[in-house]
Amino acid sequence: MAVDAARSEEAFTSARATRVMAAACRAAGLDDTGAELIRLGENALFRLTSVPVIARVARGEEWLSTARTEVAVSRWLAGEGFPSARIIEDLEQPFLIDGHPVTFWHLILEGDRKATYGELGGVLRDLHSLTVPEGLVLPVFDPFDKQALRLDRAVIPDDDKVFLRKRWQELQYKYAELRFETPKGPVHGDAHVQNLMVDDQGRVILIDFEAFCYDHPEWDLMVTSVEHYSLGWQTDEQYAEFVGAYGRDLYDWDGYETLRGIQEFGMTTWLMQNVQEDEGTAAEYRRRIAGLRDDDGPRDWRPW
């Protein structure tokens, strides 16, 4: 639903996202008074106070097809009874506001605990067992689809851009040589434990369908395996629960190192987009780019 599709070269900051969110709320007949920015990452997420709704603002019109996929996936999973985030059904979505796709979602009331890695493994096992209906057209997983835009727009030193472009090309060569042995199916595409929520009824709910696709399940195992083996973000016990629930450890596959490189590159360029927001983000980006420059060195990266 287009309201004003004019493109702007203004950087995607929290201030710009707030203006877009307010305009989208007016178009949707919602009250944005007191709306709170709760996250600025690939998207800006706002919690409305007038109604139990989350507004999701994408970075640019290039993400319009992605937003449409998110809406379609939410409707499909709801029909399957799968525990997942739900789109606001009585709105024609996505909206397109000043070149930014915007979607509205039911607020999930969080309970008193976070999801476990065992629960993540179980949710992924269940997701990968679903059959995608014929009417739902999903993209293949493309680990490089956003990198050119990120590098073009990033406010980082020129030598970092030169290094990242070279690394990007190297990873594409390695990716072309990957040989998967598993059948394709529904893949979340960004399957880390923060994309699970536990609601106030104790239900574990899958969120964030931006990277949802039809491809090999290894892409969903990549995230947690890299976080464990490369970054040390889980204990051995937590990772064992993940592997036990899903039934596979990706580290044992000969394509792991390539997926590790792709995952670490994506984690760095994702954060790179927001270096202008605050010094904490900029400092974490510097840690990550330093890690990419030393493949064999320890990673002191922090969750973000």
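Refer to the preceding data block for the structure.
Draft legend 1. Representation of the overall build of the protein chain in the model. A tally of regular secondary structure across the protein chain gives 9 helices and 10 strands. Here the C-alpha atoms of the protein chain give a radius of gyration of 19 Å, agreeing with the 19 Å that 2.2 N^0.38 yields for 304 residues. Counting only C-alpha atoms and orienting by the principal axes, one finds that the protein chain spans roughly 50 × 45 × 40 Å. A total of 304 residues make up the protein chain; the buried ones form 55% of that total. Taking the contacts inside the protein chain whose residues are at least 6 apart along the sequence as the reference set, 70% of them involve residues at least 24 apart. Accessible surface computed for the protein chain: about 14,200 Å², of which carbon and sulfur atoms make up 49%.

Draft legend 2. Fine view of the pairing of strand 6 (residues 100-106). Summarising burial for strand 6: 6 of the 7 residues are buried, a large majority. Where strand 4 (residues 53-58) lies against strand 6, 5 bridges are found, and the strand directions are antiparallel. For Ala55, the partnering residue across the bridge sits in strand 6 and is Phe104. As judged from the 3 bridges shared by strand 5 (residues 95-97) and strand 6, these two strands associate in the antiparallel manner. For Phe95, the partnering residue across the bridge sits in strand 6 and is Val102. In this structure, the hairpin formed by strand 5 and strand 6 is closed by a connection of 2 residues, where Asp98 is found at a positive phi of approximately 50 degrees.

Draft legend 3. Quick look at helix 3 (residues 117-128). With 12 residues, helix 3 extends 16 Å between its outermost C-alpha atoms, agreeing within 8% with the 16 Å of an ideal straight helix rising 1.5 Å per residue. Summarising burial for helix 3: 9 of the 12 residues are buried, a large majority. Lining the buried residues of helix 3 we find helix 2 (64-80), strand 7 (185-187), strand 8 (196-198), strand 9 (204-206), helix 6 (218-229) and helix 7 (236-246).

Draft legend 4. Region of the structure containing the side chain of Gln263. By the secondary structure assignment, Gln263 is in helix 8 (residues 256-272). The class for Gln263 is buried, based on a relative accessible area of 11%.

Draft legend 5. Spotlight on the pattern of salt bridges. On inspection of all chains with the given rule, the structure shows 22 salt bridges. Between Arg165 and Asp152 there is a salt bridge, with the nearest N and O atoms lying 3.0 Å from each other. Placement of Arg165 in helix 5 (residues 158-176) and of Asp152 in helix 4 (residues 147-153) is noted, with a sequence separation of 13 residues between them. Sharing partners across several salt bridges, the network here consists of Arg56, Glu70, Asp208 and Glu210.

Draft legend 6. Representation of the packing of helix 3 against helix 7. Where helix 3 meets helix 7, the axes come as close as 7 Å, and the angle between the chain directions of the two elements is 20 degrees. Classified by the angle their axes make, helix 3 and helix 7 are roughly parallel. In this structure, the crossing between helix 3 and helix 7 has a hand that is right-handed. On the side of helix 3, the interface is formed by Tyr117, Gly118, Leu120, Gly121, Gly122, Leu124, Arg125 and His128, while helix 7 contributes Gln238, Glu241, Phe242, Ala245 and Tyr246. When grouped by side-chain class, the residues that make up the contact of helix 3 with helix 7 number 6 nonpolar, 5 polar and 2 charged.

Draft legend 7. Just the environment of Phe212, in detail. Counting through the fold element by element, Phe212 comes out in the loop between strand 9 and strand 10 (213-215). For the pair formed by Phe212 and Leu136, sequence separation is 76 residues and the distance between their alpha carbons is 12 Å. Non-local contacts of Phe212, meaning those with residues more than four positions away in its chain, are made with Thr69, Val73, Trp76, Leu77, Leu127, Leu138, Pro139, Pro186, Val187 and His188.

Draft legend 8. Structural detail: the nonpolar core. Among the nonpolar cores identified, the biggest contains 69 residues, and Leu77, Leu164, Phe209, Phe212, Trp219, Phe242 and Tyr285 are the most heavily contacted of them. Looking at which element gives the most residues to this core, the answer is helix 8, with 8 residues.

Draft legend 9. Quick look at unusual backbone geometry. For the peptide bond that leads from Gln93 to Pro94, omega is 0 degrees, which places it in the cis range. Of note, Pro94 is situated in the loop between helix 2 and strand 5. Of note in the backbone geometry, Asp208 takes a positive phi value of approximately 65 degrees without being a glycine. Summarising the element assignment, Asp208 is placed in the loop between strand 9 and strand 10. In this structure Asp208 comes out as buried when scored by relative accessible area, which is 19%.

Draft legend 10. A look at the packing of aromatic side chains. For the structure shown, the criterion picks out 14 aromatic pairs. When the ring of Trp76 is compared with that of Phe212, the centres are 6.3 Å apart and the planes differ by 80 degrees; the resulting orientation is edge-to-face. Of this pair, Trp76 sits in helix 2 while Phe212 sits in the loop between strand 9 and strand 10, placing them 136 residues apart in sequence. No difference in accessibility class separates Trp76 from Phe212, as the two residues are buried. Put simply, the rings of Phe141, Phe144, Tyr175, Phe180, Trp219 and Trp253 touch in pairs and so form one group of aromatic residues. Of note, Arg293 hangs over the ring of Phe163, and the distance from its end group to the ring centre comes to 4.6 Å.

So, how was this worked out
- Residues numbered from 1 in each chain as written.
- Predicted model: local features only at pLDDT ≥ 70, side-chain atom pairs only at ≥ 80, totals over all residues.
- Heavy atoms only, no water.
- Helix = DSSP H or I, 4+ residues; strand = E, 2+ residues; numbered from the N terminus.
- Rg over C-alpha atoms; globule rule 2.2 N^0.38 Å.
- Buried < 20%, exposed > 50% of the residue type's maximum accessible area, 1.4 Å probe, protein only.
- Contact = heavy atoms within 4.5 Å.
- Areas by Shrake-Rupley, 256 points an atom, 1.4 Å probe, with all protein chains shown as cover.
- Pairing = 2+ DSSP bridges.
- Expected span 1.5 Å × (residues − 1).
- Salt bridge = Lys/Arg side-chain N within 4 Å of Asp/Glu carboxyl O.
- Axes fitted to C-alpha atoms, helices over the stretch in contact; angles between N-to-C directions.
- Parallel < 35°, antiparallel > 145°, perpendicular 65-115°, else oblique.
- Left-handed = near helix turned anticlockwise from the far one by under 90°.
- Nonpolar A, V, L, I, M, F, W, Y, C, P; charged D, E, K, R; others polar.
- Core = buried A, V, L, I, M, F, W, Y, C linked by side-chain atoms within 4.5 Å.
- Phe/Tyr/Trp six-rings, centres within 6.5 Å; stacked < 30°, edge-to-face > 60°.
- Lys NZ or Arg CZ within 6 Å of the ring centre and 35° of its normal.

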